[in-house]
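Overview (structure and organization)
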Amino acid sequence: MTVTRTIDDLLAESRARLDRLSPDETFTAAAHGAILVDIRPAAQRLVSGEVPGALIVERNVLEWRFDPACDARLPVAVDHDIQVIVLCEEGYTSSLAAAALKDIGLHRATDVDGGFVAWKAAGLPTQMSSQRVAS
């Protein structure tokens, strides 16, 4: 018998491992040095906007950019203790991405509950897309 898991199962398992943050908690954490990472594709950021100061790292390269042992890491990926907060449009993909960062040892990785939609609804700062990407 094949045991299958649905995406809902995977999402629930991922979220069970995270201390998800509200948009307001994220704003405060970022002001105190946490790295807010927007993983949405460029087309989505163009339509919806961005969070000023968020690091843009598209989902397909996220683990490589934040693994401190990887040659393709970003300069901010100095060790496994950095606090990375992942943001997507509504808070689904970001949960899976944050769990993947935990899998490579970033034990403080988490995501924004409700994503960019919740961030914007909370009245937090946004701007139109600047098309800047940390590749």
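Description of the structure in this document. These figures come from a predicted structure and were not determined experimentally.

1. What about the overall build of the protein chain?
Looking only at helices and strands, the protein chain features 6 helices and 4 strands. Beginning at the N terminus, the succession of helices and strands in the protein chain can be written as α-α-β-α-β-α-β-α-β-α. In summary, the protein chain has a C-alpha radius of gyration of 14 Å against a globular reference of 14 Å for 135 residues, a match within 12%. Oriented by its inertia axes, the alpha-carbon framework of the protein chain measures out at about 50 × 35 × 25 Å. Taken across its 135 residues, the protein chain has 43% of its residues classed as buried.

2. Re the pairing of strand E1 (residues 35–38)
Going residue by residue along E1, you find Ile 35 and Val 37 tucked away on one face and Leu 36 and Asp 38 tucked away on the opposite face as well. Taken together, E1, helix H3 (residues 42–48) and strand E2 (residues 55–56) form a β-α-β motif whose crossover is right-handed.

3. Side note on helix H2 (residues 23–31)
For H2, the complete set of buried residues consists of Pro 23, Thr 26 and Ala 29. Each buried residue of H2 sits inside an arc of 120° when the element is viewed along its axis, so together they form one side. Where H2 is buried, its residues contact E1, strand E3 (84–87) and helix H6 (115–121). Residue Gly 33 follows H2 closely and has a positive phi angle near 105°.

4. Here we look at helix H5 (residues 93–103)
Within H5, the full set of buried residues consists of Ser 94, Ser 95, Ala 97, Ala 98, Ala 99, Ala 100 and Leu 101. Directly beyond the C-terminal end of H5, a positive phi value near 105° is found at Gly 105.

5. Examining the pattern of salt bridges
Taken as a whole and judged by the stated rule, the model has 10 salt bridges. In this structure, Arg 45 and Glu 58 form a salt bridge, with 3.8 Å as the shortest nitrogen-oxygen distance. Within this pair, whereas Arg 45 is found in helix H3, its partner Glu 58 is found in the loop between E2 and helix H4 (62–66), the two being separated by 13 residues in sequence. Look at Arg 45 and you get buried, because its relative accessible area is 0%. Here the salt bridges do not stand alone but share partners, grouping Arg 20, Asp 111 and Asp 113 into one network.

6. Observations regarding the packing of helix H1 (residues 7–16) against H5
Interaxial distance between H1 and H5 falls to 9 Å at its minimum, and their mutual angle equals 55°. Between H1 and H5, the interaxial angle falls into the category oblique. Of the two elements, H1 crosses H5, and the hand of that crossing is left-handed. Along its contact with H1, which presents Ile 7, Leu 10, Leu 11, Ser 14 and Arg 15, the element H5 presents Ser 95, Leu 96 and Ala 99. The residue makeup of the contact of H1 with H5, split by class, is 5 nonpolar, 2 polar and 1 charged.

Parameters at a glance
- Residues numbered from 1 in each chain as written.
- Predicted model: local features only at pLDDT ≥ 70, side-chain atom pairs only at ≥ 80, totals over all residues.
- Heavy atoms only, no water.
- Helix = DSSP H or I, 4+ residues; strand = E, 2+ residues; numbered from the N terminus.
- Rg over C-alpha atoms; globule rule 2.2 N^0.38 Å.
- Buried < 20%, exposed > 50% of the residue type's maximum accessible area, 1.4 Å probe, protein only.
- Right-handed = clockwise from strand over helix to strand, strands pointing away.
- Arc of directions from axis to C-beta.
- Contact = heavy atoms within 4.5 Å.
- Salt bridge = Lys/Arg side-chain N within 4 Å of Asp/Glu carboxyl O.
- Axes fitted to C-alpha atoms, helices over the stretch in contact; angles between N-to-C directions.
- Parallel < 35°, antiparallel > 145°, perpendicular 65-115°, else oblique.
- Left-handed = near helix turned anticlockwise from the far one by under 90°.
- Nonpolar A, V, L, I, M, F, W, Y, C, P; charged D, E, K, R; others polar.

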